[in-house]
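# Topology and contacts: notes
Residues per chain are reported as follows:
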Amino acid sequence: MQYPKELFVRLTEKDVQAEMVRPSITYWQDAWRRLKKNPVAMISLIFIVFLLLVSLFGPYFSPYSYSDQDFDRQNQGPSMEHPFGTDSLGRDQLVRVMYGARISLSVGFVASLTTFLFGVIYGGISGYAGGRVDNIMMRIVDILYSIPFLLWVIMLMVLFREIFPATGGGAGLYSIFIALGLVFWLPMARIVRGQILSLKEQEFALAAQTIGAPKWKILFRHLIPNAMGPIIVTATLSIPEAIFAEAFLSFIGLGVSAPMASWGMLASDALSSLRSFPHLLLFPALAISVTLLAFNFLGDGLQDALDPRMRK
């Protein structure tokens, strides 16, 4: 049966666009679209960006330094000249809180980067190798996991104090980076291993193996990119955990050395005069709380945005 030519009409590009329900987008474009629909996550993201800018550039716009002392203005309350007040040595609390944000955020991001790099590589190799290699590598992780996290960090910080006595009362900022980096990768390694174990049996991984692709190429080019959603969420949620760990270490005297300021050190210094000058504890404690909430809300939003099951 032949159909008349009049029934066939050549479609223009405009007609094709009209027929499309939604333009084709990539996985990451779809994740960003869903993240923008989460108002709490977007507010948290804006706050984190604002906090980063304040910590980086805020101290340069202040007429005071984090170490400047003015004994004529000790323990002053909030005022126009000192919006967050001054401490027992007459130092401006606003610039010290901004400088403390720089230290706390740098610790969080460095720990997260270490988690991302070492944890992903370790867990990926363990999951893809399988067998005896997987058992040995995971037993090492289990042994390290059996010791409480903060006990690991405190032991390492005390060790660094003995190795580098020139740092004075604390182990130093770089020692905190090393101590947190040595233990923060454990949860990431477990998560990546579980993802790789499920992905390496998928058809695309078996097809790459069939055509003779090298094992390292299958792991780093095919398997790990497909597990990037949980990896990014875990790395994001590790940042507030590292910030809280640094604040706790500084609070008990194992953090950065004076006159450097971190949020934990500011809270520790304010504890002795809490009843007389509560503003000294209010602002660093508020900074820690709001920052932790922002990162946790952003992590929850990323988890929903990167989960394909949440896609409508």
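To keep things clear, this report deals only with the structure shown in the data block. Being a predicted model, the structure only gives us computed values, none of them experimental. (Residues numbered from 1 in each chain as written. Predicted model: local features only at pLDDT ≥ 70, side-chain atom pairs only at ≥ 80, totals over all residues. Heavy atoms only, no water.)

What follows covers the packing of helix 3 (residues 39–57) against helix 4 (residues 93–129). It is at 8 Å that the axes of helix 3 and helix 4 come closest, and there the two elements cross at 120°. Classified by the interaxial angle, the pair formed by helix 3 and helix 4 is oblique. In terms of crossing hand, the pair formed by helix 3 and helix 4 is left-handed. Contacts between helix 3 and helix 4 involve L51, L52, V54, S55 and L56 from the first element and M98, A101, R102, L105 and F109 from the second. (Axes fitted to C-alpha atoms, helices over the stretch in contact; angles between N-to-C directions. Helix = DSSP H or I, 4+ residues; strand = E, 2+ residues; numbered from the N terminus. Parallel < 35°, antiparallel > 145°, perpendicular 65-115°, else oblique. Left-handed = near helix turned anticlockwise from the far one by under 90°. Contact = heavy atoms within 4.5 Å.)

Here E246 shows up in helix 11 (residues 228–251). It is R96 that comes nearest to the buried, bridge-free E246 among opposite-charge side chains, at 11 Å. Side-chain polar atoms of E246 contact the side chain of S262, separated by 3.0 Å. Residues in contact with E246, not counting those within four places in the same chain, are I103, S104, V107, I176 and S262. (Buried < 20%, exposed > 50% of the residue type's maximum accessible area, 1.4 Å probe, protein only. Lys, Arg positive; Asp, Glu negative; His and termini not counted. Salt bridge = Lys/Arg side-chain N within 4 Å of Asp/Glu carboxyl O. Polar contact = N/O pair within 3.5 Å; in protein donor to acceptor, adjacent residues only side chain to side chain.)

What follows concerns the nonpolar core. By size, the foremost hydrophobic cluster in this structure holds 48 residues, and its most contacted members are V153, M157, L180, I243 and W263. Breaking this core down by element, the ones donating at least two residues are helix 2 (27–36), helix 3, helix 4, helix 6 (149–163), helix 7 (173–183), helix 11, helix 12 (263–271) and helix 13 (279–306). Considering each element in turn, this core owes the most residues, 10 residues, to helix 13. Once residues lying within four places of it in the same chain are set aside, the contact partners of I243 are S104, L105, G108, W263, T291, L292 and F295. (Core = buried A, V, L, I, M, F, W, Y, C linked by side-chain atoms within 4.5 Å.)

With that settled, the discussion passes to the pattern of salt bridges. This structure, assessed with the given rule, holds 3 salt bridges. Across the pair R139 and D142 runs a salt bridge whose closest N-O atoms are separated by 2.8 Å. With R139 and D142 both in helix 5 (residues 131–146) and 3 residues apart, the pair spans about one turn of that helix. The exposure class of R139 is partly exposed, given its relative accessible area of 43%. Judged by its relative accessible area of 28%, D142 falls in the partly exposed class. Each of R139, D142 and R190 takes part in salt bridges that share partners, so that together they form one network.

Here the structure, examined in full by the defined rule, presents 5 aromatic pairs. Measuring from ring centre to ring centre gives 6.0 Å for F118 and Y122, while their planes differ by 35°; the resulting arrangement is tilted. One end of the pair, F118, and the other, Y122, are both in helix 4, 4 residues apart, so they sit about a helical turn from each other. Three or more aromatic residues joined by ring pairs form one cluster here, namely F118, Y122 and W185. (Phe/Tyr/Trp six-rings, centres within 6.5 Å; stacked < 30°, edge-to-face > 60°.)

Bringing helix 10 (residues 215–226) into the picture now. Across its 12 residues, helix 10 extends 16 Å between first and last C-alpha, which sits within 8% of the 16 Å expected from 1.5 Å per residue. Residues I218, L219, L223 and I224 constitute the buried set of helix 10. Buried residues along helix 10 cover an arc of 135° about the axis, so they all sit on one side. Against helix 4, helix 8 (186–199), helix 9 (203–210) and helix 11 lie the buried residues of helix 10. (Expected span 1.5 Å × (residues − 1). Arc of directions from axis to C-beta.)

Here the focus is a nonpolar patch on the surface. Together, V49, L53, L56, F57, Y60 and F61 line one region of the surface with nonpolar side chains, adding up to about 710 Å² of accessible area. For Y60, the location among the structural elements is in the loop between helix 3 and helix 4. (Patch = residues over 30% accessible without salt bridge, like charges linked within 9 Å, V, L, I, M, F, W, Y side chains within 5 Å. Areas by Shrake-Rupley, 256 points an atom, 1.4 Å probe, with all protein chains shown as cover.)

Look at helix 2 against helix 13: their axes get within 8 Å of each other, and the N-to-C directions meet at 130°. Of the possible angle classes, the one that applies to helix 2 and helix 13 is oblique. Here helix 2 runs over helix 13; the crossing is right-handed. Contact residues: helix 2 offers Y27, W28, A31, R34 and L35, while helix 13 offers G301, L302, D304, A305 and L306. The class makeup of the residues in the contact of helix 2 with helix 13 is 7 nonpolar, 1 polar and 2 charged. (Nonpolar A, V, L, I, M, F, W, Y, C, P; charged D, E, K, R; others polar.)

This paragraph deals with the side chain of D92. With respect to the element layout, D92 can be found in the loop between helix 3 and helix 4. What makes D92 buried here is its relative accessible area of 3%. A distance of 3.0 Å separates the side chain of D92 from the backbone nitrogen of V95, its partner in a polar contact. Not counting the four nearest positions on each side in its chain, D92 is found in contact with S62, Y64, E81, H82, G85 and T86.

Within the fold, P284 resides in helix 13. With 18 residues separating them in the primary sequence, P284 and L266 have C-alpha atoms 6.4 Å apart. Beyond its immediate stretch of four places on either side in the chain, P284 contacts W263, L266 and A267.

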